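In case you want the letters, here they are:
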Amino acid sequence: MVKSDDEVTITAKKMKDADEPDPIKFLFNPVRLPFTDDDGEPQYSCVLQNLDSEVAQQLLATKQVGEAQKAILRVLESMIAEARETLKSQSRDPDKALIEARQLRKKCIDGATVTAKNWSRTFSGLVEKNLLIQDGVHITLSDFAKEAIQ
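Structure report, in brief. (Residues numbered from 1 in each chain as written. Predicted model: local features only at pLDDT ≥ 70, side-chain atom pairs only at ≥ 80, totals over all residues. Heavy atoms only, no water.)

**As for the overall build of the protein**
Next up, step 1: If you tally the helices and strands in the protein, you get five helices and seven strands.
Next up, step 2: Start at the N end of the protein and walk to the C end: the helices and strands fall as β-β-β-β-α-α-β-α-α-β-β-α.
Next up, step 3: Across the 150 residues in the protein, those meeting the buried criterion constitute 30%.
Next up, step 4: Pairs at least 24 apart in sequence give 45% of the contacts found in the protein among residues at least 6 apart.
Next up, step 5: When the accessible surface of the protein is split by element, carbon and sulfur atoms take 49% of a total near 10300 Å². (Helix = DSSP H or I, 4+ residues; strand = E, 2+ residues; numbered from the N terminus. Buried < 20%, exposed > 50% of the residue type's maximum accessible area, 1.4 Å probe, protein only. Contact = heavy atoms within 4.5 Å. Areas by Shrake-Rupley, 256 points an atom, 1.4 Å probe, with all protein chains shown as cover.)

Set out below in structure tokens:
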């Protein structure tokens, strides 16, 4: 068993009468316990979550988000909120709010959130981590993006 940061890998070293199985990777996922200590402080523990699961992959991705990527997610979140308010004020469905990737790029570069030179790499990293969902020219936040922003 090998621990690296929040990841644990379990590897079988010997097997009798069978091939060695592939290593299994787990992610430490902290959880708050339903009780406090004598001083009233909340107590925490952790559970191991199989890294082969989609949820664990997303948890790992949200832990590996850089500051520039978090800033892009925050900008997109505010753009979506603004677009929803605009639609609402026009008596239109706010769930139809759409943001184009080029609008996000422009706002992030103009606001010095990220440089034009680093945009592509930073943006692609968010898409690869499934924190941004790209649908044609439009972009939106995934369900896990809010965890990454915090």
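Alright, that's what it looks like, and here's the rest.
**Describing the sheet that holds strand β5 (residues 99-100)**
Next up, step 1: Spatial strand order, β5-β7-β6: three strands in an open sheet with antiparallel pairing. Of all the strands in the sheet, the pair left with one neighbour each is β5 and β6 (132-135).
Next up, step 2: Contacting β5, β6 and β7 (138-141), helix α2 (residues 67-89) runs over the sheet at an angle of about 105 degrees to β7. (Pairing = 2+ DSSP bridges. Axes fitted to C-alpha atoms, helices over the stretch in contact; angles between N-to-C directions.)

**Re the packing of aromatic side chains**
Next up, step 1: Per the stated rule, a full pass over the model turns up one aromatic pair.
Next up, step 2: When the ring of W119 is compared with that of F123, the centres are 5.1 Å apart and the planes differ by 25 degrees; the resulting orientation is stacked. Residue W119 and its partner F123 are located together in helix α4 (residues 116-128), separated by four residues, close to a single helical turn. For the pair W119 and F123, one class covers both residues: buried. (Phe/Tyr/Trp six-rings, centres within 6.5 Å; stacked < 30°, edge-to-face > 60°.)

**Quick word on unusual backbone geometry**
Next up, step 1: A positive phi angle, near 65 degrees, is found at D17, a position not held by glycine.
Next up, step 2: Position of D17 relative to the elements: it lies in the loop between β2 (7-10) and β3 (24-36).
Next up, step 3: Backbone geometry at S91 places phi at a positive 55 degrees, although glycine is not the residue there.
Next up, step 4: For S91, the location among the structural elements is in the loop between α2 and β5.

**Remarks on helix α3 (residues 101-110)**
Next up, step 1: Within α3, burial applies to A101, L104 and C108. Each buried residue of α3 sits inside an arc of 60 degrees when the element is viewed along its axis, so together they form one side. Away from its buried face, by an angle of more than 90 degrees, α3 presents the exposed residues R102, K106 and D110.
Next up, step 2: The secondary structure elements touched by the buried residues of α3 are α2, β5, α4, β6 and β7.
Next up, step 3: Positive backbone phi, approximately 60 degrees, marks A112, located one or two places after α3. (Arc of directions from axis to C-beta.)

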